[in-house]
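In case you want the letters, here they are:
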Amino acid sequence: MGLLDEKTAPRLKDKERKVLILGLPNSGKTQIYNNLTGTYNLVANYHHTTIDVNRAYYEHGGVLYELYDMPGLYCLFANSEEELLVRNLIFSEEPDVLLFCLDANLLKQSLMLGIELMELGIPMVIALNAIDETSKKGIWIDTAMLSSTLGVPVVESIAIRGIGTRKLKSSIERAKAPKASIYYGDMIEAGLANVIHDLPEDFPFKRKTAMLLLLNDRFLEKDLIEAFGENQYAEIQKNLSGITSQFVGSIGKIVYYKRSEWVDQLSDKIVKTQDFDQRSMAKTFAQMSRNVVTGIPIFCMIILITYLLVVNVANEISTLMESYLWKPVMDKLSSMVPSQFWREFLLGSHGLLSLGLGGAILTVLPILSVFFVVFNVLEDMGYVPNLTVLTRRLFAKVGLSGYSIMPIVLGFGCKTMATFTTRTINSDKEKYIAIFLIAFALPCAPQIGLSMGMLGKVGFKAFLIVFSVLLITEITAGVLLNILMRDDTKNTYLQALPAIRIPNVFAVLKKTYYRLYMFLKEALPIFLLSAVFLFTLEKIGFLKIAKVFLAPLINNFLGLPNEMVDVLILVLARREAAAAVIMDFVNKGRLDFNQAIVSVTLTTMFVPCFANLGAMIKEIGLRRALTMAFFITASSLVIAGALNKVLLFFNHV
């Protein structure tokens, strides 16, 4: 039993079973996936953490299980690209088992999705997740009754603590086809039978396909034309029009009513509640976080605490590492390398160890360690979705609806992931504005932490100035784009808010470890290559020429020293590498108060990183992404230059 890789999996291929994990967004699917496979994918207490399909193998009882972690969905009638991706995978892969992650906190909403999945007739196992949270609210769910009513195994789960994993593995072996079904009335059942009759005999999930056609699912047209050809599809559509014309009112409303009725009856049967006041500190904190009067002070307090921790704790860790570990090793190494060239290559201003390894380990890692702990605590407790409610009015000013709020707030974590989540936005205008704002003046998590570390060296006032400028820039850019771009689709957006909970220490530390591990795995080679690249440019004289050529821009307009050319080159590779150099300049007193502010402001906006640019190209195409990157880069130089002039003006007042 345990995690298998692609090389060892083939020996059990003849006993392979395909399992798809499905459920509402933020229902704990990825945590269950991690528990079953022993892998680690990012989990958080908010929606859209999983935006692509993850896949891994595990073995149990001599059987190889191929497990798919899917993006969340609310129903099989696709309303977004993510839901369409999931539905297409179900229909094309024809899995052996569906592992339905049922969120106990959202029982009725989960069962509405559950009945749709059960109608597919695929063997199913239900993981009833987060039962610890419902029990605290005085809600008790009769698991045995749920299992006997639906005819499938139901396993109680607290996924975040790994509880229920072993039983879930053995239950997947015993997965059964659900016996639950809904009779939608004589007319709809007759309509379904007629549509099913038109579909080929070997077509999978004929009843579900027929229901989606009756509900006028716009995404099925392409698939059916590819499967049957245009003539047969036209015949299906003709018959479908005849069937739907017989209905008075909305078929969708009748279907929804029937399913709601089934869910209500089942819920009444399996749920027992205690009569007591459900107000709690967590609920009060969540309400205060969303209220403008109390939410803004809470947000400011969180920023201040994070700033103090990063500046005082992270910088102290860095100082201790340099004094007791780094400097003695470097001094010893310097004495062991007689060649001037190799000393410069390893330990010079652009040295492989001094700039590459030292920048990553000594400068960036301590700051990210402290910052990620704070950030992961906020993610795990469920604060982020409440922040989206607090900022809703601000986003409305720049023409963005609720669909855009979560992707932009997620941009504070990772711009690349946030850009991918914009695929949930139906409006092209909103999607373009959201991607632009994410790529422009929105600092990602590592940038925020490193900026705090750098600006903390010159004072809290510098931190306030930089983040005020970035905020004003984002709002101005959003307002201008909203005015300049033509209006298109507007949709009502409803967001489910997860319950605020006490952060799980183990989960926070585990997530911090994996985030740091991924940083070192992805960034350390880039740090080392960047150091070698700069060393080479210096030796062939390119850096000297570039500094002379760019002097009017760097020195006169931006008010920065020539060495900032190195930083701007590093930004193209990795922002953290550029931040490490700026930090070194600040530590050595080569940047004054104004220059530190301009440097951090400029590098936060200057050129989207490669990963984010790749995500932009994927979402809006090459031409639009490159055009956007050009305007972002040009605007960042103009804004940084203007900021330099303003700071100089106030210096002379």
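Before any of the text, the structure's been laid out above.
Residues numbered from 1 in each chain as written. Predicted model: local features only at pLDDT ≥ 70, side-chain atom pairs only at ≥ 80, totals over all residues. Heavy atoms only, no water.

**A closer look at helix α21 (residues 445-455)**
In step 1: The buried fraction of α21 is high, at 11 of 11 residues.
In step 2: Listed in full, the buried residues belonging to α21 are Ala445, Pro446, Gln447, Ile448, Gly449, Leu450, Ser451, Met452, Gly453, Met454 and Leu455.
In step 3: On its buried face, α21 is in contact with α13 (292-336), α15 (352-381), α19 (415-421), α22 (460-484), α27 (575-587) and α28 (593-605). (Buried < 20%, exposed > 50% of the residue type's maximum accessible area, 1.4 Å probe, protein only. Helix = DSSP H or I, 4+ residues; strand = E, 2+ residues; numbered from the N terminus. Contact = heavy atoms within 4.5 Å.)

**Section: the packing of helix α24 (residues 542-549) against helix α26 (residues 564-573)**
The relative placement of two packed helices is expressed as an angle between their axes plus a distance between the axes.
In step 1: For the pair α24 and α26, interaxial distance at closest approach is 9 Å and the crossing angle is 105°. The orientation of α24 with respect to α26, classified from their angle, is roughly perpendicular. Contact residues: α24 offers Leu543, Ala546 and Lys547, while α26 offers Val565, Asp566 and Ile569.
In step 2: Partitioning the contact of α24 with α26 into residue classes produces 4 nonpolar, no polar and 2 charged. (Axes fitted to C-alpha atoms, helices over the stretch in contact; angles between N-to-C directions. Parallel < 35°, antiparallel > 145°, perpendicular 65-115°, else oblique. Nonpolar A, V, L, I, M, F, W, Y, C, P; charged D, E, K, R; others polar.)

**So, helix α5 (residues 143-150)**
In step 1: Within the sequence span of α5, burial applies to Thr143, Leu146 and Leu150. The buried residues of α5 occupy an angular sector of 60° when projected down its axis, which confines them to one face.
In step 2: Looking at the buried residues of α5, the elements they touch are β5 (97-103), α3 (107-118), β6 (124-129), β7 (139-141), β8 (154-157) and α11 (251-270).
In step 3: Here α5 starts with a cap whose side-chain oxygen sits 3.3 Å from the backbone nitrogen of Ala144, and that cap is Asp142.
In step 4: Of the residues trailing α5, Gly151 is marked for its positive phi of about 80°. (Arc of directions from axis to C-beta. Polar contact = N/O pair within 3.5 Å; in protein donor to acceptor, adjacent residues only side chain to side chain.)

**A word on a positive patch on the surface**
In step 1: Together, Lys167, Arg174, Lys176, Lys179 and Lys269 give the surface a local cluster of positive charge.
In step 2: Inspection of the secondary structure assignment puts Lys176 in the loop between α6 (165-173) and α7 (186-198). (Patch = residues over 30% accessible without salt bridge, like charges linked within 9 Å, V, L, I, M, F, W, Y side chains within 5 Å. Areas by Shrake-Rupley, 256 points an atom, 1.4 Å probe, with all protein chains shown as cover. Salt bridge = Lys/Arg side-chain N within 4 Å of Asp/Glu carboxyl O. Lys, Arg positive; Asp, Glu negative; His and termini not counted. Charge placed at Lys NZ, Arg CZ, Asp CG, Glu CD.)

**What about the packing of aromatic side chains?**
In step 1: As enumerated under the stated definition, the model contains 19 aromatic pairs in all.
In step 2: On the numbers, 4.9 Å between centres and 40° between planes, the contact of Tyr307 with Phe463 is tilted. Of the two residues, Tyr307 sits in helix α13 while Phe463 sits in helix α22, which places them 156 residues apart along the sequence.
In step 3: Note on Tyr307: relative accessible area 5%, which makes it buried.
In step 4: The exposure class assigned to Phe463 is buried, which follows from its relative accessible area of 4%.
In step 5: Each member of the aromatic cluster is reached from another via a ring pair, and the members are Tyr307, Phe460, Phe463 and Phe467. (Phe/Tyr/Trp six-rings, centres within 6.5 Å; stacked < 30°, edge-to-face > 60°.)

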